[in-house]
Amino acid sequence: MTLSARSIRALLGFVLTLAATAGALVAQPRPAAPPPVTTGEGPSHLIYPTQRLPLRFQHARHLAMPGVTCASCHPAATTSARVEDSLLPTEASCAPCHAIDRAHPMSASTAPNPLGGCDLCHEGWRPESPLRVARVVIPTANLRFSHARHAAQGVACERCHANVRGVGIATRLELPTMASCVTCHRPGGAPDRCAVCHLTEPDGRLRTRFGDGWMNPPRWMNGLHHDADFWFTHRASAAQDGSRCAVCHTEGECAACHDGRVRDRRTHPNDYVTMHAVDARMNSDRCGSCHRASNFCVACHQRAGVAASSSTLSRALGRFHPPAAVWTNAPVTLRHHGAEARRAMRTCTSCHSEQDCVTCHATLGRGGGGFSPHPPSFLARCGALMRASERPCALCHDDLDAVRARCR
Amino acid sequence: MAAASPTPRSLRPAASALALGIVACPARSFAFDAEVRAESTASSWQVRGPAGAAVLSLRRFTQTLSVAGASRSDDPRAPVVRLRARLRIDSDFGSACDPGTDRCLDELNRSRAAEFAPLFARRAVDLPFAFLEVIGLARGRVDLRAGRQLVVDPLGFFLFDGGLARLNLGAVASVEAYGGWETRAGFPLSNGRYERDGLLRADRAGWDRSIATAVLDRASARVIGAALELRASARLDARLTWRRVWTAEGVAEEAVAARTELMVGASVRAFAEAVYMVPMSTVTTASLGVEGLPARGGRWSVELLRVRPVFDLTSVWASFWIDPTDEARASVSLPVSRAVDLSLAAWGRRYALDTETSANAGTALGAPLNAGGAASVRVRRGRWDATLRASLEGGGLGVRGNADLSMRAWVLRRGLRLDALVSLAHVRDALRDDRSLDGLGLVLGATVPLGRVAQVSVSLEDDINGVVGHRLRAIGVLELRTLP
């Protein structure tokens, strides 16, 4: 590679700018780590944001008492229709058993339970600041949920809050995970559309971004989990049923890459226009997942002077293929166009029309050279192909009746 | 809808079914939310031919306008009505000039046949999709969709104008049927982006018959398709699909495909896929894979794949000698820490040119092999992330290697995002050694969000290699989002 002094100066300037930018970025104070995204194990921090629970409580002890049920302390749990509702017991719920003498918060009450001091429940309460307790923070879950609807269906509390009978303070860990929800919300059972529980954008897609984190399908869900390699492996999931992708993504997101007019650098990071020919020869099928040769490739090749049908002005830049002695004439080697066509014919169609092939491969009667392009076993299946369409046969063969007879 | 020339009368069944579906939706507590997005992209870049001379100096202005909406109801069993539409306009400017003579091509002038580029259009307006659907009719048993729509399944992308109905048969199965007209090149609002390879088509109205004879006149194609999906207790998911596309010249495509996913235990997933092209009596795609999801995180997979390219059955390419390519691929994805992900992949590719003894040449050509590997490391912190990727593939077809380091950082309290990319490339073309090259690419970009409704991005790219010297590219993007 030979570069002029001007090019080297431009390059140097570019690199210095890049280095200065990188230096400025590195000099930034180190920010806090982003909130974790769901990994499928345990409740997601995006769905159930981190809580602060400076409380003391023994669910196990209370639920072991005769007559005490969940509704004893959480009476609104059977009527709440919105996830925003606070179901945390208020002081009034506790007072019947734990009466509090506010004038003497450290003293034992006269109620049946002798332990009625503030620090019985409020962790960190100190007598020198008797009116100050640590704040409880339970952010609203990023879900749609109706306790009332579940209660009306006879769903027991512990069906969703499974471990609550054995814990002290109930935390995020006692909230249901998606894996437990789908035991009922499945095809043929309770409504199973994702948007029944998940929040949605105005266009109906699931809302996937919460703060700095992105919601990600759980690992157990049919290979839909988007890990670092998903960019290159998502075909396997999308090919099963594209409607699964449409729950979170619009068709426009597919089109932005698969039919983009601006090259995506995650897929083609380098000077891909210059390099793409070798990549296409190695694996043209992979190119086909985004680009149709007869649509996307040909138009550019025609205009850039690469295609056989390009203008004479741009084609004057030189021959694209190896010399005719290797490329066209016998003997057939791996560098012969016949071998290349058998191996990667999609690359042929990115420049050539079928007429270019017919010129030589048509029968002598059609004015061609009579070089058969068919594989040896073709005769056994040409009948089915001919029944599908006789058009390609007619391009090369002058006596279609004879062809029909042979392919019957 | 009129793009692929279906007559209004022939669209009536699909439209009637959808209208019936909408009418059948319960009217109570019905609300409809919608979002409009617009994206304007201006780009300028240079393309140089394989010989290195400056051929094209291009500018393109692309605009997309998308509307997406959905009904909203407090009843989780209520049907959902969804609308999706996207309009796109590509406006091309710039010129293709010969640096030696300063003479520029007149690509649109059909009277200058030597310069005419038949598939080039200065301005192209198309409708990538536009459909209305009702999901969950008849207590969740029926879904209906009408309009220009995309089907993505084991047979690949398919875009058509018409109707699709899905019948959900409880927990174990669903049946899907669709029909209409394939969205093809040469019609208004249509660019044939997902048409199968083989034939070049355009609207030849007003063209002299002797000009660009390789480009055929537009021709509409009908399509019918069906699919059966089976599920078994979230362990087994299988899809069997069939599609037939035909024109006045015959069947352009008829294929059957099956794909199955099976969860084995809690951490292993197996999948298999096959596509059979009926008139060719040939399996064109076959794959088998296993994926592991260890409890401690990460993922590994092994996949075997055989692919044989397919073409429009009404073109000569479909009856040519085509050999398959076999590929074996293994990959590992490891979350090193909460901030660092590592991915490794290796593959081998075999071009099976020895599958049939050559009747023409009289000699077997052997089977060229290629092998390669790739590695990537991604580091994510609160306000920046960086990814280093490298891959190398080599063998009988030459060598292709590249490495790139991309960085993204939010600065000024997330008021500005900076992007940078440095990439290195090495290419050795076994067929044309004179075009082997080493390259360096540099990119700088910035994105400024303007509230929740707009975003502006700009990027500059310089690609440098021994074949073309410097090649510059500049891109500006304006995205707008509104809630009417």
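Located above this text is the structure these notes cover.
Thresholds applied
- Residues numbered from 1 in each chain as written.
- Chains lettered and ligands numbered in written order.
- Predicted model: local features only at pLDDT ≥ 70, side-chain atom pairs only at ≥ 80, totals over all residues.
- Heavy atoms only, no water.
- Helix = DSSP H or I, 4+ residues; strand = E, 2+ residues; numbered from the N terminus.
- Buried < 20%, exposed > 50% of the residue type's maximum accessible area, 1.4 Å probe, protein only.
- Contact = heavy atoms within 4.5 Å.
- Areas by Shrake-Rupley, 256 points an atom, 1.4 Å probe, with all protein chains shown as cover.
- Buried area = accessible area lost by both parts, 1.4 Å probe.
- Salt bridge = Lys/Arg side-chain N within 4 Å of Asp/Glu carboxyl O.
- Polar contact = N/O pair within 3.5 Å; in protein donor to acceptor, adjacent residues only side chain to side chain.
- Nonpolar A, V, L, I, M, F, W, Y, C, P; charged D, E, K, R; others polar.
- Pairing = 2+ DSSP bridges.
- Arc of directions from axis to C-beta.

Enquirer: Explain the overall build of chain B to me, please; I cannot follow it from the model alone.
Expert: Tallying secondary structure elements over chain B gives two helices and 25 strands in all. Across the 484 residues that make up chain B, the buried fraction comes to 50%. Nonlocal contacts in chain B, meaning residues at least 24 apart in sequence, comprise 48% of its contacts between residues at least 6 apart. When the accessible surface of chain B is totalled, it reaches about 20,600 Å², and 62% of it is carbon and sulfur.

Enquirer: I would appreciate a short explanation of the overall build of chain A in the present structure.
Expert: Check the secondary structure of chain A and you find 20 helices and two strands. Taking all 408 residues of chain A together, 38% fall into the buried category. The contacts in chain A between residues at least 6 apart in sequence include a share of 55% that link residues at least 24 apart. Carbon and sulfur atoms provide 61% of the accessible area of chain A, an area that totals close to 21,600 Å².

Enquirer: Explain the interface of chain B and chain A to me, please; I cannot follow it from the model alone.
Expert: When the parts come together, some accessible area is lost, and that loss is often what is quoted as the size of the interface. Tallying the contact residues gives 176 residues for chain B and 129 residues for chain A. Taken over both partners, the interface formed by chain B and chain A buries close to 13,600 Å², and the fraction arising from carbon and sulfur atoms is 57%. Viewed at the interface, chain A and chain B are joined by nine salt bridges. Here chain B is connected to chain A by 26 residue pairs in polar contact (both at pLDDT 80 or more). When the residues that make up the side of chain B that touches chain A are grouped by side-chain class, the tally is 80 nonpolar, 37 polar and 59 charged.

Enquirer: Where do I start with the pairing of strand S23 (residues 437–450) of chain B in this structure?
Expert: Residue and element names in this part refer to chain B. Bridge count between strand S22 (residues 416–429) and S23: 11 bridges; the pairing is antiparallel. What sits directly across from Val 422, in S23, is Leu 442. Pairing between S23 and strand S24 (residues 454–465): 12 bridges, direction antiparallel. Looking across to S24, one finds that Val 448 is bridged to Val 456.

Enquirer: Teacher, can you tell me more about helix H20 (residues 400–407) of chain A here?
Expert: A turn of α-helix holds 3.6 residues, and therefore any two residues three or four places apart point the same way. All names here are of chain A. Residues of H20 that are buried: Leu 400, Val 403 and Cys 407. Each buried residue of H20 sits inside an arc of 55° when the element is viewed along its axis, so together they form one side. Relative to its buried face, H20 has exposed residues pointing more than 90 degrees away, namely Asp 401 and Arg 406. Along its buried surface, H20 packs onto helix H18 (382–388) and helix H19 (391–396).

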